[in-house]
Amino acid sequence: MAKINTVTVDVENNIYPAYGFFFQVNFLDISSSDLNTRFQSVNGISKTSKSKKIANGGYNDYEYKLPINASYKDITLKRGIIKSNSDNSKNIIHWLENLGFSDNGVRKSRIKTIPVEVILLNPDKNSFNDNDPKQIQKWSFYHCYPTSVVISEFNSQKSDIAIETLTLAYSNYIRTVL
């Protein structure tokens, strides 16, 4: 008889798998204050290692695989188009729409990169009433810049929310358990 894998949940000591629906995204250094925005989804957090094969000098039976560098997949962020007219919202929209290049409509040769944080939050019953919910883990992405901005279809036959999909490239990330 096959054994069924189960997950042990210890609610008293907070030992259980984290839910993926309660998170926030922070755009740092984009304006005078850090911009905390809500997104529908974050996808593509990924790190892979590449390796190089080295033949053994005296033996032809095997070879060594040595790690040479890590590569990172672009992250994709999806959210409903926001109606806010705050300066912070205008700054992030300006940065995204110009793919990190522009300043007042004049294209510069230098991309403005910023750090971005994705923070997984604890959705316990007290967190929804608290303005500062408990953070579980944080992914800090460095040297981020937008590579694409895609706006969903506008259709008068449907009552769908207008969604924008943002793709960000980055150089590396650090995962922190809080």
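Remember, it's a predicted structure, so these values are computed and weren't measured experimentally.

## Some points on the confidence of the model for the protein
Step number 1: Looking at the protein as a whole, the pLDDT averages 82, with 77% of positions reaching at least 70.
Step number 2: For the protein, strand 7 (residues 102-103) is the element with the lowest average pLDDT, namely 58, and strand 3 (residues 41-43) is the one with the highest, namely 96.

## A word on the pattern of salt bridges
Step number 1: Summed over the entire model, instances satisfying the criterion amount to three salt bridges.
Step number 2: Residues E117 and K138 are paired through a salt bridge, measuring 3.7 Å at the closest nitrogen-oxygen approach. A residue pair is termed long-range when its members are at least 10 positions apart, and E117 in strand 9 (residues 114-121) and K138 in strand 10 (residues 135-151) qualify at 21 residues.
Step number 3: Residue classification places E117 among the buried positions, given a relative accessible area of 15%.

## Points about the environment of N122
Step number 1: With respect to the helices and strands, N122 occurs in the loop between strand 9 and strand 10.
Step number 2: As a C-alpha pair, N122 and Q137 span 15 residues in sequence and 9.3 Å in three-dimensional space.

## Focus on the packing of aromatic side chains
Step number 1: Summed over all chains, the structure comprises nine aromatic pairs.
Step number 2: On the numbers, 5.7 Å between centres and 50° between planes, the contact of Y19 with F21 is tilted.
Step number 3: Owing to a relative accessible area of 49%, Y19 belongs among the partly exposed residues under this scheme.
Step number 4: Between the aromatic rings of Y72 and Y170, the centroid separation amounts to 5.6 Å while the plane-to-plane angle is 55°, which identifies the pairing as tilted. Here the residue Y72 occupies a position in strand 5 (residues 63-72), and Y170 occupies one in the loop between strand 11 (163-169) and strand 12 (172-177), the gap between them amounting to 98 residues.
Step number 5: Judged by relative accessible area, Y72 falls into the partly exposed class, the value being 23%.
Step number 6: Among the aromatic residues, ring-to-ring pairing joins Y72, F141, Y170 and Y173 into one connected group.

Thresholds, definitions, all that
- Residues numbered from 1 in each chain as written.
- Predicted model: local features only at pLDDT ≥ 70, side-chain atom pairs only at ≥ 80, totals over all residues.
- Heavy atoms only, no water.
- pLDDT = per-residue confidence, 0-100.
- Helix = DSSP H or I, 4+ residues; strand = E, 2+ residues; numbered from the N terminus.
- Salt bridge = Lys/Arg side-chain N within 4 Å of Asp/Glu carboxyl O.
- Buried < 20%, exposed > 50% of the residue type's maximum accessible area, 1.4 Å probe, protein only.
- Phe/Tyr/Trp six-rings, centres within 6.5 Å; stacked < 30°, edge-to-face > 60°.

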